[in-house]
Amino acid sequence: MPFLRGAWLGLAGAFCHFQAASTPRSARDFAIIRPFRFIAQDTPMKASQFFISTLKEAPAEAVLASHKLMLRAGLIKANASGLYTWMPMGLRVLRKVEAIVREEMNRAGAIELLMPVVQPADLWKESGRWDFYGDELLRITDRHDNAFCFSPTCEELITDIVRKEINSYKQLPKNFYHIQTKFRDERRPRFGVMRAREFVMKDAYSFHADFESLKATYQTMYDAYCRIFNRLGLDYRPVAADTGSIGGTGSHEFQVLADSGEDVIAYSDASDYAANVELAQTLPLSGCRVVPAQALAKIHTPNVKTIAELVAFLNIPVEQTLKSIVVEGEGEGELVLLMLRGDHEFNDIKAEKLAGVKSPLTMASPEAIVAQFGANGGSLGCVGFAGKVYADFACEKGADWVIGANDDDHHYTGFNFGRDAAEPEFVDLRNVIAGDPSPCGKGSLKLARGIEVGHVFQLRDKYSAALNASFLDSNGKSQIMEMGCYGIGITRIVAAAIEQNNDERGIIWTEAMAPFSVVIVPMNYKKSNSVREAADQIYADLQAAGVDVLLDDRDERAGVLLNDSELLGIPHRIVIGDRALKEGNVEYAERRSGESISVPLNEIVAKICAI
């Protein structure tokens, strides 16, 4: 499942309680569970017996806040490009995420198994992905020259298991999942664990006798994902998405909202519509076409190759220009011309789905362009071109365009469709922009950035047909199984949560993900008997109450202990010092709000347990 390509706080209020129309109706299903006593310690958890390795500064190569803070807080250590060791503090966070994911998968009726990291090449060749997947698939051979790969995803392997084990409709549906290491040989690993080569993912795969059953499980998994991200305390948005190289007929991404996100999300300001910008649709323009006011004129535009240069040379608004993109058609030697407004961004995913366009989308070679247009890129247009032409919806109602003249260093002004060239087929070719009408018909679109942490797909029969995963129906007839797949990036969730929850002092963990819920910071623990006795007693009482508590008994300066507690993002801190103890008090501080108050020593355990 090739997702996860892949803190936006301004929309937090708008998104925090978002529920899609298809999510569970029960409010209880969306309750954020605050697992304050998530891990009761059976053995002492004192810093002197644990391992804390913090840094004052992050390495220079770290760019994102999550990468910097994970290295500074000692959650991970870099071993090689895109490869990290999860250190004890980071591993505790990772295990808490895994636990919530596992609980909700089990609640949704999925069955856990564990598939290997290394997979035989034969299965990938049988599905057709051995060559199609590309260089991200790390291929290896064993001592017997048998070919294998490191698993980036498990569609082939699970389908092979199911086709050998399930042969009757009575055994369906089934939904299997595992939490396992994956490997994708990224060309440019970056952003820490956000785009690493090795990562941990939960992937699930469902098998069905018919499409209706698949849709039901798809909804169940969608609902489970909403519960997972609610429990983790993340601001997220489920969005309609392209199926990509996985294939299938429908999918949704789960995007954690963050300014640093690589994905752009479009959402309606008047409904629950949301989609990745690569899938969000633009609509045909209403009204009549503008009446032409100019005659077609060919002008000399020396050394003008780009829209920016054309706008500057002619001193015209960019909205008056049309740009041309030439791609290969399905037929031998065929070229297809795609046209859109100069200020709009071309959407290659939409273009690839057009009739007559070669898939995967392939840009025409310079030689082929010159042969059919008589000019090089930068001077291209539709006048005189005999091949298939598509133009974006935004071009349909305009007039007096400036386009390439199919003559190097020349352009046309006053161009009009229908008058100066045949009417093209008007289609959706661009990325949406803020202010576009929402495809749902309600309101306008707004844009936000997100980090993809989950993706659910209706695969249908892409893999089951290729690997002949069949069953006998109630009439004894052989049928191909319907499939779904559902992925969550466990390691990426950790980084995404930090992107959404940090400040100048460090990480701010949500309650569910924090490595510890409470840290006790005693001043002069080694030297002050009263401080040590109070710290040990509070620690013992909190442990007895099942609270996940760390006693930082390291022999360090007070500033180091306090700074580390904030860098590590532990939600609740108890500071114990001689001066406060003389008055019968300790200091309680909440990491998220930054508020600090004095609490009577004999009340602090009750206060913590009541949070």
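Details of the structure are given in the entry above.
Overview of the structure. (Residues numbered from 1 in each chain as written. Predicted model: local features only at pLDDT ≥ 70, side-chain atom pairs only at ≥ 80, totals over all residues. Heavy atoms only, no water.)

## Quick word on the overall build of the chain
- Counting secondary structure elements, the chain contains 16 helices and 30 strands.
- Once the C-alpha set of the chain is aligned to its principal axes, its extents read approximately 95 × 70 × 50 Å.
- For the chain, with 611 residues in total, the buried portion stands at 54%.
- Put simply, the chain has 66 plus and 81 minus side-chain charges, and the middle of one group is 4 Å from the middle of the other. (Helix = DSSP H or I, 4+ residues; strand = E, 2+ residues; numbered from the N terminus. Buried < 20%, exposed > 50% of the residue type's maximum accessible area, 1.4 Å probe, protein only. Lys, Arg positive; Asp, Glu negative; His and termini not counted. Charge placed at Lys NZ, Arg CZ, Asp CG, Glu CD.)

## As for the packing of helix 2 (residues 65-72) against helix 12 (residues 490-500)
- Two elements in contact, helix 2 and helix 12, have axes separated by 8 Å at closest approach and are oriented at 105°. By the criterion of interaxial angle, the relationship of helix 2 to helix 12 is roughly perpendicular. Taken together, the residues of helix 12 that come into contact with helix 2 (itself represented by A65, S66, L69 and M70) are V494, A495, I498 and E499.
- In terms of residue class, the contact of helix 2 with helix 12 is built from six nonpolar, one polar and one charged. (Axes fitted to C-alpha atoms, helices over the stretch in contact; angles between N-to-C directions. Parallel < 35°, antiparallel > 145°, perpendicular 65-115°, else oblique. Contact = heavy atoms within 4.5 Å. Nonpolar A, V, L, I, M, F, W, Y, C, P; charged D, E, K, R; others polar.)

## Quick word on unusual backbone geometry
- Going from L172 to P173, the amide bond is cis rather than trans, its omega being 0°.
- Summarising the element assignment, P173 is placed in the loop between helix 6 (155-165) and strand 7 (174-183).
- Geometrically, the link from S359 to P360 is a cis peptide bond, its omega value of 0° lying close to zero.
- Among the secondary structure elements, P360 is positioned in the loop between helix 9 (348-352) and helix 10 (366-373).
- Despite not being glycine, N524 has its phi angle at roughly 60°, a positive value.

## Quick word on the sheet that holds strand 16 (residues 388-392)
- In space, the four strands of this open sheet follow the order 14-15-16-19, with mixed pairing throughout. Among the strands making up the open sheet, the edge pair consists of strand 14 (322-328) and strand 19 (425-427). Ignoring strand direction, the axes of neighbouring strands in this sheet form an average angle of 30°.
- Note: strand 14 against strand 15 (residues 335-341), seven bridges, orientation antiparallel. Following the sheet pairing, I325 is matched in strand 15 by L338.
- Seen against the sheet, helix 10 touches strand 14 and strand 15 and runs at an angle of roughly 90° to strand 15. (Pairing = 2+ DSSP bridges.)

## Focus on the pattern of salt bridges
- Per the stated rule, a full pass over the model turns up 36 salt bridges.
- Ionic pairing is found between R591 and D503, a salt bridge with its closest N-O pair at 2.7 Å. Of the two residues, R591 sits in the loop between strand 29 (585-590) and strand 30 (596-600) while D503 sits in strand 24 (residues 502-503), which places them 88 residues apart along the sequence.
- Sharing partners across several salt bridges, the network here consists of E103, E104, R107, R227 and R231. (Salt bridge = Lys/Arg side-chain N within 4 Å of Asp/Glu carboxyl O.)

## Quick notes on the state of the cysteines
- In this structure the tally under the stated criterion is zero disulfides.
- Between C154, a free cysteine, and C149, which holds the nearest cysteine sulfur, the sulfur-to-sulfur gap is 9.1 Å.
- Residue classification places C154 among the buried positions, given a relative accessible area of 1%.
- Free cysteine C288: the closest other cysteine sulfur is in C395, separated by 18 Å. (Disulfide = S-S within 2.5 Å.)

## Looking at the side chain of N347
- By the element assignment, N347 lies in the loop between strand 15 and helix 9.
- Residue N347 is classed as buried on the basis of its relative accessible area, which comes to 2%.
- A distance of 3.1 Å separates the side chain of N347 from the backbone nitrogen of I349, its partner in a polar contact.
- Side-chain polar atoms of N347 contact the side chain of N431, separated by 2.7 Å. (Polar contact = N/O pair within 3.5 Å; in protein donor to acceptor, adjacent residues only side chain to side chain.)

## Description of the nonpolar core
- If you look at the biggest cluster of nonpolar residues, it comprises 93 residues, and the most contacted ones within it are Y225, F229, W509, I520, L542, I574 and I576.
- Top element by residues in this core is helix 7 (residues 211-231). It accounts for nine residues.
- Contacts of L542, omitting those with residues within four sequence positions, involve V518, I520, V547, V549, I574, V605 and I608.
- Of all hydrophobic cores here, the second largest spans 25 residues; its members include F373, F415, A421 and F426. (Core = buried A, V, L, I, M, F, W, Y, C linked by side-chain atoms within 4.5 Å.)

## A word on the packing of aromatic side chains
- In the structure shown here, the tally under the stated rule is eleven aromatic pairs.
- On the numbers, 5.6 Å between centres and 80° between planes, the contact of W124 with Y133 is edge-to-face.
- Looking at Y133, the relative accessible area reads 12%, which means it is buried.
- For the ring pair F229 and F254, a centre distance of 5.7 Å and an interplane angle of 35° mean the geometry is tilted. A residue pair is termed long-range when its members are at least 10 positions apart, and F229 in helix 7 and F254 in strand 10 (residues 250-257) qualify at 25 residues.
- Note on F254: relative accessible area 0%, which makes it buried.
- Linked through ring pairs, Y222, Y225, F229, Y236 and F254 together constitute an aromatic cluster. (Phe/Tyr/Trp six-rings, centres within 6.5 Å; stacked < 30°, edge-to-face > 60°.)

## Details of the side chain of H572
- Relative to the helices and strands, H572 resides in strand 28 (residues 572-576).
- Residue H572 is classed as buried on the basis of its relative accessible area, which comes to 1%.
- Among the polar contacts made by the side chain of H572, one reaches the side chain of E511 at a distance of 2.8 Å.
- Polar side-chain contacts of H572 include one of 2.6 Å to the side chain of Y588.

## Structural notes on helix 7
- The terminal C-alpha atoms of helix 7 lie 30 Å apart, and with 21 residues this matches the ideal 30 Å at 1.5 Å per residue to within 8%.
- For helix 7, the buried fraction is high: 15 of the 21 residues fall into the buried class.
- In this structure D210 caps helix 7, since a side-chain oxygen of it lies 3.3 Å from the backbone nitrogen of E212.
- Following helix 7 by one or two positions, G233 has its phi on the positive side, about 75°. (Expected span 1.5 Å × (residues − 1).)

All we've got here are geometric facts, nothing functional implied.
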